[in-house]
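# Residue-level structural notes
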Amino acid sequence: MKSKPNDICVTVTSLAYAARPSHAFPGFTTSLPLRNATPSASFTQATSFTLCVASAKPLRVGIAGAGIAGLTTALALQKTPNTGVQQIQVFETRQSIDVAQGAAVNLNGATAILEGIYGVSLRDVAIPMNYVTAREPSGSTIFQVDVDRMVRQSAMAKKELCVNGEHCFMTVMRDDLQNALLNELGAGVKIHRGESNRVVGVHQQGNQARFALKDGSTSQYFDLIIGADGLRSNVRSYVINKEKQPVYSGIRVQWAVAPGSDLPFGMVEQWFGDGAYVLRYAAGSENKKYEMLACSFREAKKVAENPGYEQNTTLRDDFSLRLERSNMPQVVRGVLERSERLIETGVYRHSLPPKWYRGAACLVGDSAHAMPPYLGQGANQAVQDAHCLALTISQIDEQYSCLSEALEKYETIRRVPVQAILQASRLAAFLEIQDGAVRSRMRNCFFRLLGAAGIPQRTLLQASRPRFL
Ligand SMILES: Cc1cc2nc3c(=O)[nH]c(=O)nc-3n(C[C@H](O)[C@H](O)[C@H](O)COP(=O)(O)OP(=O)(O)OC[C@H]3O[C@@H](n4cnc5c(N)ncnc54)[C@H](O)[C@@H]3O)c2cc1C
């Protein structure tokens, strides 16, 4: 058995049970079995062997953030057999899931995990993405992706991106997704909500770590803490051991959310305008359907990044002018006219951290790899992180000798696909958002060629493939 710098190795004699240090668990007095302890390769005599304490699967897990990554990680740790996790606590700044924040997210690879593996019911609150049609403001089609055909033509996609014979591509309101995850979570998960529960730091002691909270208190010690606290993650600062703020990419997105939808069922439209690239899509259930626009444009002037996707009531005129200047047709402008909620976000990014874990802390979702939304992969990659992390933890003792080794494996599995998707979505942003008549026309010609060569289909399929093994 290998031991890592962060593991504590002790030599014991005939040890079956050991009490963890009581100061590590305030209010926790019971002695716990040191489970999953296996004799090391350096075993020399019948009664004496080396125990790698950190080889125990984590019994208690603390998670910072109850967004998509945080809730899915809690679910994954609960539902994956043999993780050993007995207690999960989540610390979230928001008082509740707020319908008025954010719009919808795209799911594809994530659906295969959430529906196919964890049994989360999504179809009732989601709208399938059957066609993606890219158009010029004149209405002329640049390319179209028939999602169902794309999936059925590929043996890999049929296997990986279908659940019960249905493809996995869908759009879902972010709050509906969070509620679906919460419904599936058992009572074993405690969520501490409110600004006082903002995680502001991490303290590691031995193999365990705890959160420092905004109200000056600290959480209990956990065997594993997980940073799912989004773009401006404080757990990330601990993991990379420095304060590094995300960088503004020079792209802003204005969102409009309108009740109801005139879009043909299952259609997602991309509108390639001069100075604005607009995505028009629908999400929600039959009784509560929404249609929305996400309008991306370049703007050198840095604005607050609005990571909370909060309402911006002063946006309407600016948004309207932008759609008018880029000659967007009435079907697009009508969504803004009918909209009840407006949001503006800057696209921020940070480079992948050199390590995704440190001691008993690790990162999932945007805290590890916030990405521009141009391949619709933010939520999908967060869900895959969660599932991959739970799988590697479940294999401690069989495949990995200790927690650090499992965390290292998790990072290794996820880093390559995430890096590739990050680069591809940055390239997509660069190509799709063009200013000026000539550049816009060149872009449209280029995308027509790409469409004819089947590149958008291939890019969408590649980005969507679940990669967690
Ligand atoms: C309110 C909101 C609305 C969004 N709407 C959209 C959308 O409409 N479309 C889209 O494509 N993407 C949206 N996103 C981004 C998208 O959800 C993520 O890119 C993706 O799902 C990855 O999820 P995540 O859980 O890693 O990060 P996030 O979704 O950002 O979740 C992070 C969570 O951590 C909480 N948090 C942050 N800091 C702390 C802290 N220090 N301590 C404790 N908790 C903390 C946040 O309140 C949040 O709940 C939204 C994000 C937010 C926060």
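These figures come from a predicted structure and were not determined experimentally.

### Structural notes on the site of the ligand
Taken together, 32 residues sit near the ligand, with Gly65, Gly67, Gly102, Gly365 and Gly378 positioned nearest. Along the lines of polarity and charge, the residues of the shell around the ligand split into 15 nonpolar, 11 polar and six charged. Residue contributions to the shell around the ligand reach at least three from each of two domains, namely domain 1 (9-97 + 178-245 + 351-422) and domain 2 (104-175 + 246-348 + 431-464).

### Quick word on the packing of helix α1 (residues 68-79) against helix α5 (residues 174-184)
Pairs of packed helices are described in terms of their axes, by the angle between the two and the distance that separates them. Interaxial distance between α1 and α5 falls to 10 Å at its minimum, and their mutual angle equals 20 degrees. Judged on the interaxial angle alone, α5 and α1 are roughly parallel. In this structure, α1 meets α5 at a crossing whose hand is left-handed. Here Ile68, Leu71, Thr72 and Leu75 of α1 come into contact with α5, specifically with Leu177, Gln178, Leu181, Leu182 and Glu184.

### As for the confidence of the model for the chain
Atom-level detail of predicted coordinates should not be read off regions where pLDDT is low. Here the chain shows a mean pLDDT of 87. Residues at 70 or above account for 88%. In the predicted structure, residues 1-53 sits below a pLDDT of 50 and forms 78 contacts with residues beyond four places in sequence or in another chain.

### Thoughts on unusual backbone geometry
One non-glycine residue with positive phi stands out, namely asparagine 164, at about 50 degrees. Look at aspartate 397: it is not a glycine, yet its phi comes out positive at around 90 degrees. Tracing the sequence through the fold places aspartate 397 in the loop between α10 (378-394) and α11 (403-432).

### Some details on the pairing of strand β8 (residues 141-146)
Relative to β8, strand β7 (residues 131-135) is paired through five bridges, and the arrangement is antiparallel. In the strand pairing of β8, valine 132 is matched with valine 145. Between the end of β7 and the start of β8, which pair antiparallel, lie five residues, with glycine 139 showing a positive phi angle near 105 degrees.

### Things to note about the sheet that holds strand β18 (residues 277-284)
With mixed pairing, seven strands are arranged side by side in an open sheet as β8-β7-β17-β18-β19-β16-β20. Looking at which strands have only one partner, the edges of the open sheet turn out to be β8 and β20 (341-349). Each neighbouring strand pair of the sheet contributes to a mean axis angle of 20 degrees, computed without reference to strand direction. Two elements, β7 and strand β17 (residues 267-272), share five bridges in a ladder whose sense is parallel. Bridged to tyrosine 131 within β17 is methionine 267.

### Observations regarding the packing of α10 against α11
At a minimum axis distance of 9 Å, the contact between α10 and α11 shows a crossing angle of 155 degrees. Our classification of the angle between α10 and α11 gives roughly antiparallel. Between α10 and α11 the crossing geometry is right-handed. Between α10 and α11, the contacting residues are Gln381, Asp385, Cys388, Leu389, Thr392 and Ile393 on the first element and Ala406, Lys409, Tyr410, Ile413, Arg414, Val418 and Ile421 on the second. Of the residues that constitute the contact of α10 with α11, the class distribution is eight nonpolar, two polar and three charged.

### A closer look at the environment of glutamate 337
Here glutamate 337 is to be found in helix α8 (residues 330-338). What makes glutamate 337 exposed here is the crowd of 12 C-beta atoms within 10 Å. Glutamate 337 sits 80 residues away from valine 257 along the chain, and the two C-alpha atoms are 10.0 Å apart.

### Some words on the sheet that holds strand β6 (residues 126-128)
Read across the open sheet, the three strands follow the order β5-β11-β6; overall the sheet is antiparallel. Because the sheet does not close on itself, it has two edges, and the strands there are β5 (104-107) and β6. Across the sheet, the mean angle from the axis of one strand to that of its neighbour is 25 degrees, orientation sign disregarded. Examined bridge by bridge, β5 and strand β11 (residues 170-173) share four bridges and lie antiparallel to one another. Looking across to β11, one finds that leucine 107 is bridged to methionine 170. Seen against the sheet, α5 touches β5 and β11 and runs at an angle of roughly 85 degrees to β11.

### Side note on α10
The terminal C-alpha atoms of α10, which comprises 17 residues, lie 25 Å apart, in line with the 24 Å expected from a rise of 1.5 Å per residue. Of all the 17 residues making up α10, 17 are buried; the element is thus mostly covered by neighbouring parts of the structure.

### Regarding the nonpolar core
Core analysis: the largest hydrophobic core is formed by 126 residues, its most contacted members being Ile225, Met292, Leu293 and Ala361. A per-element tally of this core places α10 first, with nine residues. Counting contributing residues per domain, this core is built from domain 1 (9-97 + 178-245 + 351-422) and domain 2 (104-175 + 246-348 + 431-464), each supplying no fewer than three. In contact with methionine 292, other than residues within four places in its own chain, are Ala103, Ala104, Trp255, Ala256, Val257, Ala258, Tyr281 and Val335.

### A look at the environment of phenylalanine 169
Assignment of secondary structure puts phenylalanine 169 in the loop between β10 (166-167) and β11. We classify phenylalanine 169 as buried; it has 27 C-beta atoms within 10 Å. Not counting chain neighbours up to four residues away, the residues in contact with phenylalanine 169 comprise Asn108, Pro128, Met129 and Val147.

The rules behind these values
- Residues numbered from 1 in each chain as written.
- Predicted model: local features only at pLDDT ≥ 70, side-chain atom pairs only at ≥ 80, totals over all residues.
- Near = placed C-beta within 6 Å.
- Nonpolar A, V, L, I, M, F, W, Y, C, P; charged D, E, K, R; others polar.
- Domains from an automatic or database assignment.
- Axes fitted to C-alpha atoms, helices over the stretch in contact; angles between N-to-C directions.
- Helix = DSSP H or I, 4+ residues; strand = E, 2+ residues; numbered from the N terminus.
- Parallel < 35°, antiparallel > 145°, perpendicular 65-115°, else oblique.
- Left-handed = near helix turned anticlockwise from the far one by under 90°.
- Contact = placed C-beta atoms within 7 Å.
- pLDDT = per-residue confidence, 0-100.
- Pairing = 2+ DSSP bridges.
- Buried ≥ 20, exposed ≤ 12 C-beta atoms within 10 Å, placed from the backbone.
- Expected span 1.5 Å × (residues − 1).
- Core = buried A, V, L, I, M, F, W, Y, C linked by C-beta atoms within 7 Å.

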